[in-house]
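What the coordinates show
Next come the chains, spelled out residue by residue.
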Amino acid sequence: DVVLPVLHGPYGEDGTVQGLLELAGIPYVGAGVIGSALGLDKAVFKDVMLAHGLPITDYLLVKRKEWETVPEEVMDRAEAALGYPVFTKPANLGSSVGIRKCHDREELTRGLTEAARYDRKLLVEAAVPAAREIEVSVLGNDDPIASVPGEIIPSREFYSYEAKYIDHGDEASGLLIPAPISPEMTERVRDLAVQAYKAIDCVGMARADFLLSGETGELYVSELNTIPGFTTISMYPKLWEASGIPYPELIERLIDLAIERYQDKGCSETSYQPPANGK
């Protein structure tokens with residue numbers, strides 16, 4: 001009756017599978033084509049955040065062809081605009097694949113070369129001083145709600161692929177729920193999460209990730225993950241459980257939201273009529 005996508009990254013989280021389901025006339029959980037595409041493309045996501053006046057870190061967009069042809073010029077520009085340390089990352093990928101923290105020009109070279117393996121669009125982002133990683137779960141269609149915030153305590157210098165999936169036991173990354181932040185910061189994080197969610201026309205669910213400077217107290221929108229981890233120990237369902245919505249009820253709500261959106265879309269007139277229930 002309803003498809004629940006459990007696919008991360010390109011071809012699962014970027015709007016392509018969602019477009020296939022739209023054409024087939026099948027309701028599905030989570031963001032639509034536009035929300036999915038905007039959530040995955042970190043460069044366009046930042047442009048949308050800027051257009052809505054939401055705080056983001058300084059960054060530089062580099063094309064792979066540019067990096068391959070004039071690398072010294074690219075690094076000069078990055079150093080002049082951002083200094084060190086910086087993060088390099090492919091624009092369209094998830095799970096921290098291809099992300100490096102760079103402290104000097106040699107590491108920047110390796111970081112951009114690594115990112116260029118995965119995408120034609122590369123990002124160089126200014127590092128937030130003494131960054132704390134704060135996350136909020138968002139749920140809903142036209143009137144989304146935000147959970148209590150949580151904090152990631154990474155097992156490494158930042159929340160890398162290894163810190164997410166390789167380190168286990170005593171070396172595993174930690175989760176603090178609720179995040180140990182002030183009531184004022186809690187409300188600001190939750191409010192920004194909903195604003196960012198609406199800004200990319202997201203529906204169903206998303207996990208909003210933030211960077212909070214331990215030095216300046218400044219808060220930055222990092223990204224919206226439109227298909228967050230969904231195991232019983234993942235941050236998205238754990239935050240809702242801490243907010244009073246247990247895992248089984250959360251699944252039911254997401255299914256209801258998917259059907260609600262599908263029925264609402266059916267009220268719109270169009271020259272193309274997808275088959276009813278995929279038939």
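Look above for the structure.
Scope of this entry: the structure provided in the associated data block. Since we're looking at a predicted model, the values are computed, not measured.

1. Quick notes on helix 2 (residues 33-40)
- Taken together, the buried positions of helix 2 are occupied by Gly-35, Ser-36, Leu-38, Gly-39 and Leu-40.
- For helix 2, the elements touching its buried residues are helix 1 (16-24), helix 3 (42-51) and strand 10 (219-225).

2. Thoughts on the environment of Thr-88
- When you line up the elements, Thr-88 lands in strand 2 (residues 86-90).
- When the C-alpha positions of Thr-88 and Tyr-59 are compared, they lie 9.7 Å apart, and in sequence the two are 29 residues distant.
- Other than its neighbours up to four places away in sequence, Thr-88 contacts Gly-98, Ile-99, Arg-100, Cys-102, Leu-108, Gly-111, Leu-112, Leu-123 and Val-124.
- A distance of 3.4 Å separates a polar atom in the side chain of Thr-88 from the backbone oxygen of Gly-111.

3. Re the sheet that holds strand 1 (residues 59-63)
- Read from one edge of the open sheet, four strands run 1-4-2-3, paired in antiparallel fashion. For this open sheet the edge positions go to strand 1 and strand 3 (100-102), each flanked by a neighbour on one side alone. The sheet shows a mean angle of 25° between the axes of neighbouring strands, taken without regard to direction.
- Its contacts with the sheet place helix 5 (residues 71-82) against strand 1, strand 2 and strand 4 (121-126), and it is angled at close to 170° to strand 1.
- Strands in contact with helix 6 (residues 105-115) are strand 2, strand 3 and strand 4; relative to strand 3, the strand with the most contacts, it is inclined by about 155°.

4. Some points on the nonpolar core
- Counting 30 residues, the largest nonpolar core has Met-49, Val-189, Ile-200, Phe-210 and Leu-224 as the members making the most contacts within it.
- Counting residues per element, the ones that place at least two in this core are helix 3, strand 5 (131-140), helix 8 (183-199), strand 9 (204-213) and strand 10.
- Ranked by residues supplied to this core, first place goes to helix 8 with eight residues.
- Not counting chain neighbours up to four residues away, the residues in contact with Met-49 comprise Leu-54, Ile-56, Ala-196, Ala-199, Ile-200 and Val-221.

5. Section: a negative patch on the surface
- Taken together, Asp-142, Asp-143, Asp-201, Glu-252, Asp-256, Glu-260 and Asp-264 make up a surface patch of like negative charges.
- Mapping Asp-142 onto the fold places it in the loop between strand 5 and strand 6 (145-146).

6. Section: the pattern of salt bridges
- Applying the stated criterion across every chain, the model contains 16 salt bridges.
- With a closest N to O distance of 3.3 Å, Lys-89 and Glu-125 form a salt bridge. Remark: Glu-125 occurs in strand 4 and Lys-89 occurs in strand 2; sequence separation between them is 36 residues. For the residue pair Lys-89 and Glu-125, the accessibility class agrees, reading buried in each case.
- Arg-110 is paired through a salt bridge with Glu-106; the nearest N and O atoms lie 3.0 Å apart. With Arg-110 and Glu-106 both in helix 6, this residue pair falls four residues apart, about one helical turn.
- Given the relative accessible area of 39%, Arg-110 is considered partly exposed.
- Overlapping salt bridges bring together Glu-72, Asp-76, Glu-79 and Arg-105 as one network.

7. Regarding the side chain of Thr-186
- Within the secondary structure, Thr-186 is located in helix 8.
- Ignoring any residue separated from it by four or fewer positions in sequence, one finds Thr-186 in contact with Pro-149 and Ile-181.

8. Here's the deal with the pairing of strand 1
- Burial of the side chains of strand 1 is restricted to one face: Leu-60 and Val-62 are buried, whereas none of Tyr-59, Leu-61 and Lys-63 on the reverse face is.
- With five bridges connecting them, strand 1 and strand 4 associate as antiparallel partners. Note on strand 4: the bridge partner recorded for Tyr-59 is Glu-125.

About the criteria used
Residues numbered from 1 in each chain as written. Predicted model: local features only at pLDDT ≥ 70, side-chain atom pairs only at ≥ 80, totals over all residues. Heavy atoms only, no water. Buried < 20%, exposed > 50% of the residue type's maximum accessible area, 1.4 Å probe, protein only. Helix = DSSP H or I, 4+ residues; strand = E, 2+ residues; numbered from the N terminus. Contact = heavy atoms within 4.5 Å. Polar contact = N/O pair within 3.5 Å; in protein donor to acceptor, adjacent residues only side chain to side chain. Pairing = 2+ DSSP bridges. Axes fitted to C-alpha atoms, helices over the stretch in contact; angles between N-to-C directions. Core = buried A, V, L, I, M, F, W, Y, C linked by side-chain atoms within 4.5 Å. Patch = residues over 30% accessible without salt bridge, like charges linked within 9 Å, V, L, I, M, F, W, Y side chains within 5 Å. Areas by Shrake-Rupley, 256 points an atom, 1.4 Å probe, with all protein chains shown as cover. Salt bridge = Lys/Arg side-chain N within 4 Å of Asp/Glu carboxyl O. Lys, Arg positive; Asp, Glu negative; His and termini not counted. Charge placed at Lys NZ, Arg CZ, Asp CG, Glu CD.

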